[in-house]
Every structure is written in structure tokens, then in C-alpha cells.
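Residue strings, one per chain:
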Amino acid sequence: MVDSKADTVEQKVLASGVDDDPSSMGRPLRRWETGFFFAFCVLYTVFHLMVLNVFPLETWAFRILHVAGGLMIGFGLYASIAPRDAATGKTGNLMAERVITAIAGLPALFALAIALYGAYQVFGAGAKFPAPGAYTYFGIAVAASTMVAIGAGWLFRPNAQGAPLYDYVLLINSFSVAAYLMANLVPWQFRAGVMPTPVDAWVAFSGLLLILEVTRRVAGLALIIIASIFVIYGFVGPWLPGFLRHSGYSFDRLFTYIYTDNGVLGATTAVSSTYIMLFIAFAAFLQASRVGDYFVNFAFAAAGHKRGGPAKVAVFASGLMGMINGTSAGNVVATGSLTIPLMKRVGYKPQVAASVEAAASSGGQIMPPIMGAGAFIMAEVTGIPYTELIVAAIIPAVLYFVSVFLIVDFEAQKHNMRGLPRSELPQFSALIKQFYLFLPVVILVGALFMGYSVIRAGTLAMASAFVVSWLTPHRMGPKEVLKALDLSSRMAIQLIAVCACAGIIVGIIGLTGVGLRFSSMLLALAEQSQFIALLFAMLISIMLGMGMPTTAAYAVAASVVAPGLIQLGIDPLIAHFFVFYYAVLSAITPPVALASYAGAALAGSEPLRTSVTSFRIGLSAFIVPFMFFYSPGLLMQGEWMTIGVNTLTALVGIYMLSGAIVSYLFGGRMNILVRAMAFAAALLMISGGLTTDAIGIALIVAVFLLQRFTGKTTSTESADADA
């Protein structure tokens, strides 16, 4: 038997590959396709890094190429529906598939030839614009081909390996649309949305179909349905009642307007082409050097032996990983595959284990300095410096994670749970010597506060991840660097697609003016009660975000809800943080809670009940936006004394709220009356006024005394209905 003292850290490590992408990066490919898309993905990431740091490109041109490259990778890597071997039922008629693919392929090749000819005239022969009439049939050809190929993808199941020909048709059309836009860039900037030609309209229509199809493949139907409803709204406005009514728009104007910097090529794509690509590359380099594993192992070494240890590890590790990878549900799958079984092992119910992981992973989206991708979009939309945003986010994020941590701890006390044996955990003393693995994050934060731009700071952090890897067994050589560059593009596809799709919605909101009319409605509500107006804004933000990735959810809410809050006189920083929080929390809000459902699948729990439990665990985050509305000091606004007092009273309130949620406080279980008193004390302490704080303190003292004399002691009994 090997002496445990001689065990190495590597033998004790529990986490390995926790930050590998759970989707396996799309469908299995043929050998030649693997090489082709590997090279394409590497070049795609290098293109972005070069444009961002070395060779700047005109804004519209950069975004057009960014979207087109993302679409091409998406159609190559992600199947339209489940492949034949994984599907049940009919697989379709092979002859019919070939015929329909040929019907789609011939006009696609025709359009490609025209696109290449036009691009040659401008970029090869030196003409200012393509020859008149060169694109006479281009628009119809690419639109018809796109519609037929998308239909083929819905009708025929692909083979288990490799992309079918109709997906290559869509890939070619993605290139052709970009080639047309690049060759006609200056005319497009003047004509689109104002005086478009029929060809312009069909090209824009095709581009939007391609975006919607890739988004459906990588992000599901929710965002597609919402985007489609908004597009339909652009046509049917004259027949709608009340504030939804508008004059309506023609086919040509509507679709070309959407494919400008007012829509698809606007703020959301600006963020995905710059910050998201850069920080996903940073995350990919962290993965290649196995820093993500270190984050999780460090958390296990520090807290795994404590009561309810795996749940506390989940709070810490999932928050860190969720901050970097920018997707709540994806992070649940990545880290939850390790933490959820261990939480169940020490006594947490399956739905509680899944809910803790979902709440922690969603909280990563509000954790500075990266905050998923939300902070970048917020900086782009508001014009507020990024460093100011991440400073403002610190206290609310701390309040949220303190709440989740306390809930986990109270749950463990309530049911007398223990941690994992130290013999099964990594050695903290050894891991602390590898603290240098946190250097990339430290360098990122340091560079930002030294005045470097976000892009330069992110590039330095990515380079430092490469250097730090040389101090580990997973040192990065040329092969690992290429793998990280390839991984960057694959990881980015979902966010690229949802940002472009969110741009469709943003474009419709801007064109129809519905956002301004919604603002007027909020103003009318505020005349009755500002609190009711805020409550309504909260509900709309959550509803808009249900079933959508965080990035898209915030982008839409920022266009619809935030302007109305600003018109109420609310500071733009507070208004945007308000909608951002609820866009994030839509991932754990029933009935459509993507992060909770992902956790339920891993834990084997009932999805809807899990989403309800996630909602309860994350309840503090639903209150936090109201907290910083009434106490701006929580967003670092005001004097330091005010900030300190607001933070202290909020922490006390969060402590009481966590106890009320679990029904356990001050060493004992709580009856209904004491639980209600604790909840009331929490809300009073959170509100931020001197009078309410005094009443809250009095209630806390009363709860403490009642618990001391009447509270039930900890037991090992199974959880009751309120657990």
C-alpha cells in the first residue's frame, strides 16, 4: 500500500478537464474535414487577434467578415438535426435529398461565381465598385439557394459523420453574402435601410436566414422564435393596437436596415468581434494550460473537507469558471459533472445539488472582472468605461455569492452534513505553491487598472497564460497553441451567433421605435409608483431572457427596458445593471431555466422542481438590483462612509435572508413565525434607511432570542418540504 503522505498532488487531484467544452465542439467530421476546419478555426482566431492588435480594419468590414466566418464554421461543425445513427424513425429518401441538394447547389455556385467576380473587380482590378448589372440575378440566386438548403437540413437527417452537401451550400452562401457586402461596402453603407436595391434586399434577407439557422443549431429555438416575432412585428405594425402600433416597413427597407450597424453589425456584433473573441481566446489558453483544473482543485483543497464541502467548492469554482466562459448552462455541464455527484455523496438532495451548481454558474456572469460578456456589451452600449463597470459590480457580486455560500452552509448545518475526507482531496500546502497559475487573471486586472485598453489587457493576459503554462506539466508548445486557437473559434460560435441574432431584435426595436413607446409606458407607471415601474421592468427583463443565452438576453433587455428606466431619471449605470442582473437570472427562473435544467440532467432530478429550488437559492440576486437602486453606494457611488454602511447592512440582510430561505438560523430550525420575522428583518436591513435598519436590528435580536429559547436543534433527519 502506498503511504498517503507520499501521494503527490497529481494523485489526489479530483478535477481533470472540467473546462473542456461539453458539446464536444459539434458533430464528428471526416478526416479531411477535420483538417480543413481546424485550419479555418485557427486562421479565424488569428485574424481577430491581428486586427485587434496589429492591423486595424474598417469597422463594418471587420464585422461582416466576423459574422461570415462564424456562420461558415457553424454550418461546418453543427448539424441541423440529429444524425441518422442517433435518430429514430424515418431517415428520408436519399434520392430526394440529392435532388434537393442539387437544386440548392446550382444557384449557390452561380452566386459564388458572381460574388468572386465582383470582389475581383474591386480588390483585384482596382475598380471602385463592381460593374453595373454584375449582380442582376445574384440576390435571387443566393436567397433561393439558402431557403432550399435550410429546408433540406430540416427534412433529411445527416450521416453520423461529416457535413452533408446542403450544409456546404449554406457555407458557400455565407461566403457569397460577405463577398457581396465587402465589394459593395461604401454603397451599402449609404443605401441600406434608405434606398436599397432589390439585390440588396435579397442579400440581407439571405444573411438573416443564415444567422437564424446557425443560431437555431447552437442555441435552440427560444431566441429564434423571439427574433422571428420581432421581424413579423416590423411588417404588421399598422394593424396592432396601442403602443405596439407603427407605420410598417417594406421588405427592402426592413431587411437592409437590420443588416447595418443599427442591427446585426451594431453593438452586439461589435462586442462579439472584439471582446468576446479575445476573452474566449484567453479562456482557451487557460484551458490548454489546465488552469481551470487548478481553480477547481484549489477550491477542493481549501473547502472540500468543510461541512457540505463539495457545494462550497461548486460556489467558488463555478463562479470563477462562469466568469470566464460566458455561458451559464455550459458552465453547469462543465463543472457540475464533477461537483454535483460529490454534493449528492455528502448528503445534498439531487435537486439541491443541481440548484447550487446552477445558481453558482449563473452568478459567474455577474462576477468581475470578466462577467461573461455582459460588461463588454454594457460598456459598448452606455459608453461607461469598462474599469468603472467592473468596480461597480464588485459589491453586488460579493453579496450574491455570500448569499449562495450561506445557504449552502445552513443547509449543511441543518442536515448535519460532513465534507469529504482530507485523504481524498488535493493537498492545500502543495497547491498554494502553484498560486502563480492565478497570474493571468491578476495581470488582466492589473493591466486594466494601469490604464491599458481592454483589448491590450486581454492580449497580455492571454500571453501570460501561455508563459505560465511553462511552469506546469502542461506546457504549451506550437501544437498546444494551435489547439487553443482552434478551440477559441469553436467556443465562440454560440456567442457569435446569438450576438448577431440579438442584433436582429435590436434593429427592429430601433426601426419601429417600440423601445421609446415602452419607455413612455414605464413613465406612466412611475407616476403611480416607481416601485411598480421597477417591478414591471424586472418582469419584462426576465421574460425577454428566458431560454436565451445571457449575452443575447442582456442585449435585448438593454434595448427595450433600460432606456425607459433612464427616462425615469435613473442613472444609466444603475439602469443597465438592473436589467443585466435580471437577464442573467433568467437562466435560473422557472419555467424556462436553462442552467437549472442542465443541472437537473446531471443530477437526475425533476427539472421544474430544480428550477424552483435554483430560484430560491438565487433569491438574493433578485433583490440585489432593488438594493443598489435604493442604495447606490452598493455600486461604489457616493462617499466611502456611505458605501461601507450600505455594504455592512446589506451583508447582515443577506445573512438573515439566507437563513429564512433555508429555515435555519442561529444553530436551529425555524418555525413559520420566526422565519417570517427573519425575512422581514432581511428586507429592512437591505433597504438602506436608518429607520428601517433600526427596526431590522430589533427584529434580528428578537429572532436570535427566540431561536436560542425555542429553535429546533440540528438533526440528521431528511429534509422537509421547505428544504
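(A) Spatial organisation of the overall build of the protein chain. The helix and strand inventory of the protein chain stands at 33 helices and three strands. Taking 723 residues into account, the globule formula puts the C-alpha radius of gyration at 27 Å, and the protein chain, at 27 Å, falls close to it. Judged by the C-alpha coordinates and their principal axes, the protein chain covers about 90 × 75 × 55 Å. Residue burial in the protein chain is summarised as follows: out of 723 residues, 59% are buried. Of all intrachain contacts in the protein chain linking residues separated by at least 6 positions in sequence, the fraction that spans at least 24 positions is 78%. Carbon and sulfur atoms make up 68% of the accessible area of the protein chain, which totals about 27,900 Å². A distance of 5 Å separates the average location of the 39 positive side-chain charges in the protein chain from that of its 32 negative side-chain charges.

(B) Seen up close, the environment of Phe666. Examined against the element boundaries, Phe666 turns out to sit in the loop between β1 (664–665) and β2 (668–669). As for Phe666 and Gln707, which are separated by 41 residues in sequence, their C-alpha atoms are 6.5 Å apart.

(C) Highlighting the confidence of the model for the protein chain. When the pLDDT values of the protein chain are averaged, the result is 82; 91% of them are 70 or greater. By mean pLDDT, the top-scoring element of the protein chain is helix α3 (residues 59–77) (96), and the lowest-scoring one is helix α1 (residues 9–12) (43). Within the model, pLDDT remains below 50 along residues 1–13, and this stretch shows 16 contacts once partners closer than five positions in the same chain are excluded. Below a pLDDT of 50 lies the segment residues 713–723, which in the model reaches 31 contacts outside its immediate sequence neighbourhood of four places, other chains included.

(D) Quick look at the packing of aromatic side chains. A full pass over the atoms with the stated rule returns 30 aromatic pairs. Their ring planes at 45° and their centres at 6.2 Å tell us that Phe36 and Phe40 sit as a pair that is tilted. With Phe36 and Phe40 both in helix α2 (residues 31–53) and four residues apart, the pair spans about one turn of that helix. Overall, Phe40 belongs to the partly exposed group, its relative accessible area being 21%. Seen from their ring centres, Tyr582 and Phe626 are 6.4 Å apart, and the 65° between their planes marks the pair as edge-to-face. Of the two residues, Tyr582 is situated in helix α27 (residues 572–585) and Phe626 in helix α30 (residues 619–630); the sequence distance between them amounts to 44 residues.

(E) A look at the environment of Ile211. If you trace the backbone, Ile211 turns up in helix α8 (residues 198–219). The contact partners of Ile211, leaving out residues within four places of it in the chain, are Val67, Leu71, Tyr259, Val264, Ala497, Ala500, Cys501 and Ile504.

(F) View of unusual backbone geometry. Backbone geometry at Met636 places phi at a positive 65°, although glycine is not the residue there. If you trace the backbone, Met636 turns up in the loop between α30 and α31 (640–662). Residue Ser663 is not a glycine yet carries a positive backbone phi of 65°. Within the secondary structure, Ser663 is located in the loop between α31 and β1. Overall, the relative accessible area of 2% leaves Ser663 in the buried class.

(G) Structural detail: the nonpolar core. Ranked by size, the top nonpolar core spans 252 residues in total, and within it Phe138, Ile211, Tyr259, Tyr348, Leu565 and Phe577 carry the most contacts. Ranked by residue count, the leading element in this core is helix α22 (residues 478–512), at 19 residues.

(H) Looking closely at the pattern of salt bridges. What the rule picks out here adds up to seven salt bridges. Among the salt bridges present, the one from Arg27 reaches Asp167, with a minimum N-O distance of 2.8 Å. With Arg27 in the loop between α1 and α2 and Asp167 in helix α6 (residues 165–183), this residue pair connects regions lying 140 residues apart in the sequence. The exposure class of Asp167 is buried, given its relative accessible area of 1%. One salt bridge connects Arg30 with Glu33, and the closest N-O pair in it is separated by 2.8 Å. Taking the relative accessible area as the measure of exposure, Glu33 reaches 0% and is therefore buried.

(I) Examining the side chain of Thr610 more closely. Relative to the helices and strands, Thr610 is located in helix α29 (residues 607–617). A polar atom in the side chain of Thr610 sits 2.7 Å from the side chain of Ser605. Among the polar contacts made by the side chain of Thr610, one reaches the main-chain carbonyl oxygen of Glu606 at a distance of 2.8 Å. Here Thr610 is in contact with Gln351, Ala354, Ser355, Ser596, Ala600 and Ser605, once residues within four sequence places are set aside.

(J) Layout of empty space enclosed by the protein. According to the stated counting rule, one finds three cavities of 30 Å³ or more in the structure shown. Empty space within the largest cavity amounts to approximately 70 Å³. For the largest cavity, the lining is made up of 11 residues, of which Val352, Ile407, Glu411, Ile617 and Val662 are closest to its centre. Elements represented by at least two residues in the lining of the largest cavity include exactly α15 (350–363), α18 (394–414), α29 and α31.

(K) Focus on the packing of α15 against helix α28 (residues 594–603). Remark: α15 packs on α28, axes separated minimally by 8 Å, with the N-to-C direction vectors making an angle of 140°. In terms of orientation, α15 lies oblique with respect to α28. Once α15 is placed against α28, the crossing between them reads as right-handed. Within the contact between the two elements, α15 uses Pro350, Ala354, Ala358 and Ser362 and α28 uses Ala595, Ser596, Gly599, Ala600 and Ala603. Looking at the contact of α15 with α28, its residues break down into six nonpolar, three polar and no charged.

The rules behind each value
- Residues numbered from 1 in each chain as written.
- Predicted model: local features only at pLDDT ≥ 70, side-chain atom pairs only at ≥ 80, totals over all residues.
- Heavy atoms only, no water.
- Helix = DSSP H or I, 4+ residues; strand = E, 2+ residues; numbered from the N terminus.
- Rg over C-alpha atoms; globule rule 2.2 N^0.38 Å.
- Buried < 20%, exposed > 50% of the residue type's maximum accessible area, 1.4 Å probe, protein only.
- Contact = heavy atoms within 4.5 Å.
- Areas by Shrake-Rupley, 256 points an atom, 1.4 Å probe, with all protein chains shown as cover.
- Lys, Arg positive; Asp, Glu negative; His and termini not counted.
- Charge placed at Lys NZ, Arg CZ, Asp CG, Glu CD.
- pLDDT = per-residue confidence, 0-100.
- Phe/Tyr/Trp six-rings, centres within 6.5 Å; stacked < 30°, edge-to-face > 60°.
- Core = buried A, V, L, I, M, F, W, Y, C linked by side-chain atoms within 4.5 Å.
- Salt bridge = Lys/Arg side-chain N within 4 Å of Asp/Glu carboxyl O.
- Polar contact = N/O pair within 3.5 Å; in protein donor to acceptor, adjacent residues only side chain to side chain.
- 1 Å grid on protein atoms, 1.4 Å probe; cavity = no way out; pocket = protein on both sides within 12 Å on 5 of 7 lines; lining within 4 Å.
- Points joined across faces, edges and corners; volume = space filled by probe spheres on them.
- Axes fitted to C-alpha atoms, helices over the stretch in contact; angles between N-to-C directions.
- Parallel < 35°, antiparallel > 145°, perpendicular 65-115°, else oblique.
- Left-handed = near helix turned anticlockwise from the far one by under 90°.
- Nonpolar A, V, L, I, M, F, W, Y, C, P; charged D, E, K, R; others polar.

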